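# Structural features, examined
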Amino acid sequence: MTSRFTELTVDCHDPERLAAFWCEVLDFKVIDRGEGKVEIGSWVPTVEDVRARQMPPTLVFIRVPEGKTVKNRLHLDVSPIDGSTEDEVTRLLGLGAVRVDVGQGPDRNWVVMADPEGNEFDVLRTLAPRD
């Protein structure tokens, strides 16, 4: 008997808005929605696929009444795959993200940002091939 990491759940005020933001960031699609909940992913999970091998987890955004009050203890890291880190930061700013300071210092090779509801995430080094 074993378990699989299948979803990461994010509490939020507006699941539709946050799901739309992360779909744009990650090139994911909405795979399920319900009352106060939206699930996005790069694939549609099936029991057979999950049992057969470790699959990428989906993101589930669930409406909650309370707001975010402190720095996240868990956050996403994203890596650009077809442009520079700075180009990706510029794109994400255009989608509604903001740069944030969580005490990371100025000499880091990643950029700390927050999504439209203030959830921190990091933009890491690019994975794009060098010219």
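Structure report, in brief. Note on numbering: residues in each chain are counted from 1, in written sequence order. Reporting of local features is limited, given that this is a predicted model, to residues whose pLDDT is at least 70; pairs of side-chain atoms are given and counted only at 80 or more, and all residues count toward the totals for whole chains, interfaces and linings. Working from all heavy atoms in the structure, the side-chain values ignore hydrogens and water.

### Examining the layout of surface pockets
Let me state the cut-off plainly: A 1.4 Å probe that fits but cannot get out identifies a cavity on a 1 Å grid over protein atoms alone, an open set with protein on both sides within 12 Å along at least five of seven lines counts as a pocket, and a residue lines either if it has an atom within 4 Å of a point. Grid points are joined across faces, edges and corners, and a volume is the space filled by probe spheres set on the points. In DSSP terms, a helix is any run of H or I states spanning at least four residues, a strand is any run of E spanning at least two, and both are numbered starting from the N terminus. The nonpolar class holds Ala, Val, Leu, Ile, Met, Phe, Trp, Tyr, Cys and Pro. Asp, Glu, Lys and Arg form the charged class, and all remaining residues, Gly among them, are polar.
Its volume calculated, the largest pocket comes out at about 470 Å³. Forming the walls of the largest pocket are 22 residues, and the residues nearest its centre are Val-25, Leu-26, Asp-77, Val-78 and Ser-79. Elements with a minimum of two residues in the lining of the largest pocket: helix H1 (15-26), strand E4 (58-63), strand E5 (76-78) and helix H3 (85-95). Here the residues of the lining of the largest pocket are counted per class, giving 12 nonpolar, 5 polar and 5 charged. The volume enclosed by the second largest pocket comes to roughly 400 Å³. Lining the second largest pocket are 23 residues; nearest its centre among them are Thr-9, Val-10, Asp-11, Asn-72 and Asn-119. Contributions of two or more residues to the lining of the second largest pocket are made by strand E1 (7-12), E4 and strand E8 (120-123). Partitioning the lining of the second largest pocket into residue classes produces 10 nonpolar, 6 polar and 7 charged.

### Looking at the sheet that holds strand E7 (residues 111-114)
So the rule is basically this: Two strands make a pair as long as DSSP finds a minimum of two bridges between them. For this analysis, residues touch if any pair of their heavy atoms sits within 4.5 Å. Note on geometry: axes are lines fitted to C-alpha atoms, helical ones only across the stretch in contact, with angles between N-to-C directions running from 0 to 180 degrees.
An order of E5-E8-E7-E6 is seen for the 4 strands of this open sheet, with the pairing classed as mixed. Bordering the open sheet on either side are E5 and strand E6 (98-99), each of which pairs with just one other strand. Where H1 meets the sheet, it contacts E5 and E8, and its direction lies at approximately 35° from that of E5. Strand contacts of H3: E6, E7 and E8, with the helix running at about 10° to E7, the strand carrying the most contacts.

### Topic: the environment of Thr-9
Checked against the element boundaries, Thr-9 lands in strand E1. Placed 91 residues apart in sequence, Thr-9 and Val-100 show a C-alpha to C-alpha distance of 22 Å. Apart from residues no more than four positions distant in its own chain, Thr-9 is found in contact with Val-60 and Ile-62.

### Some remarks on the sheet that holds E4
Spatially, E1-E4-E3-E2 is the arrangement adopted by the 4 strands of the open sheet, whose pairing is mixed. Looking at strand neighbours, the two that pair on one side only are E1 and strand E2 (29-34), the edges of this open sheet. Strand-to-strand twist of the sheet, defined as the mean angle between neighbouring strand axes without regard to direction, takes the value 20°. Taken together, the 4 bridges between strand E3 (residues 37-41) and E4 define a ladder with antiparallel strand orientation. Bridging across to E4, Val-38 finds its partner in Phe-61. Lying over the sheet, H1 contacts E1, E2, E3 and E4, oriented at roughly 160° with respect to E4.

### Structural notes on the pattern of salt bridges
Stated formally: When a carboxyl oxygen of Asp or Glu is within 4 Å of a side-chain nitrogen of Lys or Arg, the pair counts as a salt bridge.
This model, assessed by the stated rule, comprises 7 salt bridges. Between Lys-29 and Asp-27 there is a salt bridge, with its nearest N and O atoms 3.6 Å apart.

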